[in-house]
Amino acid sequence: MQELKVLSPTAILGYGFPEESFEKGLAQHPDFIAVDAGSTDPGPYYLGAGVSFTDREAVKRDLRLMLKAGKRLGIPVLVGTAGGSGANEHLAWNEDIVREITQEEDLELKVAVITAEIPKAEILKKYEKGKISPLPPAGEISREDIENTSRIVAQMGVEPIIAALDNDVDLVLAGRAFDPTVFAAPCIKAGFPAGLALHMGKILECASIAATPGSGSDCMLGTLRHDCFILEALNPKRKCTVTSIAAHTLYEKNNPYKLHGPGGIIDLEETKFTQLDDKRVKVSGSRFIPSEEYTIKLEGAKKTGYRTISIAGTRDPIMISQIDEILEAVKNMVKDNFSHINNDEYQILFAIYGKDGVMGKLEPQKNANPHELGIVIEVVAQTQEMANTICSFTRSSLLHYGYPGRIATAGNLAFRYSPSDIPAGEVYEFSIYHLLTVEDPKEYFPITIKTMKGSE
Amino acid sequence: MGVSLTELAEVIRSKNSGPYELTMDIIFKDFDSYEKVKREKAINKELISRLYQIPEEDIISIINFDPAKAIKITIKRPLVAGAIGESDVYGAQQHAPLLRIEL
């Protein structure tokens, strides 16, 4: 085989794409369609709670077009990090969507489902054997940290996906996967160099974000040869330039020359970017350097409580001039009123927009003098009821707090909403971001083959 | 005569590099400006430490990436993305201090 063509419809499954761009891609006879469906960027909640950050209807819309096209062209569709975080619940959610599509479109699909969640007991076993190491700047973990974690997934490499493709399936639905793998696996299986395949995958997983003007909701086509790959934006309004592609190589990674992944490093020291014509860029020289030990990255999130928030603003210059003191005094009022509750059972936080609400500690402008401030009252407590209670009391106390020099005696806050307090549910934090050394890259990623049929 | 970084750069942005790191990209408009800033090591640990008021140990790396005429700065996040009290889950709005750099 001289070359392989890969169609990447969108940056994240559910972010959408214009059908015209997609059809332009299909007209070039791609060998497969692949999409990344997840990320840790939306934060720890989605992994911890087993919920997708993408919308069900939007995912179904994208997937319907992809599955129908795959069937029409007789090519496989690959989905990586299904359901946004790629744990078992996320996979089941995505599988359910696929089942609905097969029924509505009367399709018959052979599907390979690859799980990526690892039971805590297994992680604890590996921990005891010293097989788990922190990925700096994350610190060491304890037995307790692992026990308290709600869900743990591992990022799979290309090996489980290649094994799934050996079953001649129409759809690969993979749990948590290193982003480039769903793009690279079919290429490596067909004998193309891993370095080029993975680097191409790294760019295609963001689809047209790597084009100019960039978009997370538009299609890209990658053509892999044995000595290079070529990228092409499928919307005539966009183009790939050396700058847009090279700049994308920087995106979301700390070192553009060395991209760490399962089992090795994508090395870009020798990579060359060449403008082929006004729309396409050729990339060559990227290499894959296997590491001595095969490691996979673990991600885990644990529940830390329940949150209630209240959003308000102030336009009073006298209040704004002493905002820090006022908030501290209100915190103390709350503590006094609920002295029967232990201090460590709840936390009161104030995000002050107009001051340092966006950058917090990193904010260099300490003495800004804004004419209004946005205030988010946030309470995290051990139960939702307690978070509601503390937030409600903090809100009413701040509303009527009599600070020195106060002239506006009717109320200190402007509320945009009624009800003013919003219970925001469970709160999670990342608790595991570590490497696990494995003997077999496929060990933790079992494959199940299923047939999904429309007219059942 | 000083020149503002915003005159030389076409992109100045920040983003998570995983939940524990923040990474900032400065992509220059042309190779001449990039080469000059790179040669003079004008973007250095001391400057970043001052702008973000963080110890130099928390600056993980400053890397020049010639193919993109870009300088990449990666720092340790003061709080892990999504932790209680953390203010920017995607890390996409932590670039502003770089806009004030005069060279």
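Quick caveat, the model's predicted, so the values are computed rather than measured.

**Q** Got a minute to help me understand the overall build of chain B in this structure?
**A** In terms of regular secondary structure, chain B is built from 4 helices and 4 strands. From first element to last, N terminus to C terminus, chain B shows the α and β order α-β-β-α-α-β-β-α. The C-alpha atoms of chain B give 14 Å as radius of gyration, which agrees with the globular expectation for 103 residues (13 Å, within 12%). If you line up chain B on its principal axes, its C-alpha atoms span 45 × 25 × 20 Å. By residue count, 53% of the 103 residues in chain B fall in the buried class. On chain B, roughly 4,600 Å² of surface is accessible, and the fraction owed to carbon and sulfur atoms is 52%. For chain B, the distance from the average site of its 14 positive side-chain charges to the average site of its 16 negative ones is 2 Å.

**Q** Just checking my understanding: could you explain the overall build of chain A for this structure?
**A** When helices and strands are tallied, chain A shows 13 helices and 20 strands. A principal-axis box enclosing the C-alpha atoms of chain A has dimensions of 80 × 50 × 50 Å. Intrachain contacts of chain A at a sequence separation of at least 6 include 78% that bridge at least 24 residues. Only carbon and sulfur atoms are counted for the fraction: they give 48% of the accessible area of chain A, which is about 18,800 Å². Computed over 48 positive and 62 negative side-chain charges, the separation of the two mean positions in chain A equals 3 Å.

**Q** It is not clear to me how the sheet that holds strand β1 (residues 4-8) of chain A should be interpreted in this structure. Could you clarify?
**A** Strands in a sheet are paired, the pairing made by backbone hydrogen bonds, and the direction either parallel or antiparallel. Residue and element names in this part refer to chain A. If you trace the 10 strands from one edge of the open sheet to the other, you get β12-β13-β9-β8-β1-β2-β3-β7-β4-β20, paired in mixed fashion. This sheet does not close on itself; its edge strands, each paired only once, are β12 (272-275) and β20 (447-453). Between one strand and the next, the sheet's axes are offset by a mean angle of 20°, whatever the strand orientation. With 3 bridges connecting them, strand β3 (residues 77-80) and strand β7 (residues 171-174) associate as parallel partners.

**Q** I tried to follow the packing of aromatic side chains on my own but got confused; where do I start?
**A** How two aromatic rings sit relative to each other is set out by the distance from centre to centre and by the angle between their planes. Residue and element names in this part refer to chain A. Under the definition given, this model contains 8 aromatic pairs over all chains. Aromatic side chains phenylalanine 17 and phenylalanine 22 sit 4.9 Å apart centroid to centroid with 40° between the ring planes, which places their arrangement in the tilted category. Classification of phenylalanine 17 as buried rests on a relative accessible area of 4%. Residue classification places phenylalanine 22 among the buried positions, given a relative accessible area of 2%. When the ring of tyrosine 46 is compared with that of phenylalanine 53, the centres are 6.0 Å apart and the planes differ by 70°; the resulting orientation is edge-to-face. The class of tyrosine 46 is partly exposed, set by a relative accessible area of 24%. What links up through ring pairs into an aromatic cluster is the set Tyr45, Tyr46, Phe53 and Tyr428. Cation over ring: arginine 61 sits above phenylalanine 17, and NZ or CZ is 4.8 Å from the ring centre.

**Q** How should the pairing of β3 of chain A be read in this particular structure?
**A** Regular strands show a simple pattern: their side chains alternate between the two faces of the sheet. Residue and element names in this part refer to chain A. Residues of β3 alternate between two faces, with Val77 and Val79 on one and Leu78 and Gly80 on the opposite face, all of them buried. The pairing of strand β2 (residues 32-36) with β3 spans 4 bridges and is classified as parallel. Bridge pairing in β3 links valine 35 to valine 79.

**Q** I keep staring at the interface of chain B and chain A and nothing clicks. Help me out?
**A** How big an interface is tends to be reported as the loss of accessible area on association of its parts. In this assembly, 45 residues from chain B lie in contact with 40 residues from chain A. Taken over both partners, the interface formed by chain B and chain A buries close to 3,500 Å², and the fraction arising from carbon and sulfur atoms is 63%. When the area that chain B buries against chain A is broken down by residue, the three leading residues are Tyr20, Phe65 and Ile84 of chain B, summing to 21%. The interface formed by chain B and chain A includes 1 salt bridge. Lysine 15 of chain B is paired through a salt bridge with aspartate 41 of chain A; the nearest N and O atoms lie 2.8 Å apart.

**Q** Honestly, unusual backbone geometry in this entry has me stumped. Any pointers?
**A** Residues other than glycine predominantly adopt negative phi, and peptide bonds predominantly adopt the trans conformation. Residue and element names in this part refer to chain A. At the junction of proline 136 and proline 137, the peptide bond is cis and its omega measures out at 5° in the coordinates. Inspection of the secondary structure puts proline 137 in the loop between β5 (132-134) and α6 (143-148). A cis geometry characterises the amide bond from serine 418 onward to proline 419, with omega recorded as 5°. Within the element layout of this structure, proline 419 appears in the loop between β18 (414-415) and β19 (421-438).

**Q** Where do I start with the sheet that holds strand β1 (residues 9-16) of chain B in this structure?
**A** All names here are of chain B. Taken together, 4 strands build an open sheet; the order of strands is β1-β2-β4-β3 and the sheet is antiparallel. Pairing within the sheet leaves two strands with one partner each, and these edge strands are β1 and β3 (59-65). Ignoring strand direction, the axes of neighbouring strands in this sheet form an average angle of 10°. The sheet contact formed by β3 and strand β4 (residues 70-76) spans 6 bridges and is antiparallel. Across the sheet, residue isoleucine 59 finds its bridge partner in β4, namely isoleucine 75. Strand contacts of helix α3 (residues 45-52): β2 (21-28), β3 and β4, with the helix running at about 125° to β3, the strand carrying the most contacts.

**Q** Would you mind showing me how to read the domain arrangement of chain A here?
**A** Domain assignment breaks chain A into domain 1 (3-299 + 433-453) and domain 2 (317-411). Taking only C-alpha atoms into account, the centre of domain 1 of chain A sits 42 Å from that of domain 2 of chain A.

The rules we used
- Residues numbered from 1 in each chain as written.
- Chains lettered and ligands numbered in written order.
- Predicted model: local features only at pLDDT ≥ 70, side-chain atom pairs only at ≥ 80, totals over all residues.
- Heavy atoms only, no water.
- Helix = DSSP H or I, 4+ residues; strand = E, 2+ residues; numbered from the N terminus.
- Rg over C-alpha atoms; globule rule 2.2 N^0.38 Å.
- Buried < 20%, exposed > 50% of the residue type's maximum accessible area, 1.4 Å probe, protein only.
- Areas by Shrake-Rupley, 256 points an atom, 1.4 Å probe, with all protein chains shown as cover.
- Lys, Arg positive; Asp, Glu negative; His and termini not counted.
- Charge placed at Lys NZ, Arg CZ, Asp CG, Glu CD.
- Contact = heavy atoms within 4.5 Å.
- Pairing = 2+ DSSP bridges.
- Axes fitted to C-alpha atoms, helices over the stretch in contact; angles between N-to-C directions.
- Phe/Tyr/Trp six-rings, centres within 6.5 Å; stacked < 30°, edge-to-face > 60°.
- Lys NZ or Arg CZ within 6 Å of the ring centre and 35° of its normal.
- Buried area = accessible area lost by both parts, 1.4 Å probe.
- Salt bridge = Lys/Arg side-chain N within 4 Å of Asp/Glu carboxyl O.
- Domains from an automatic or database assignment.

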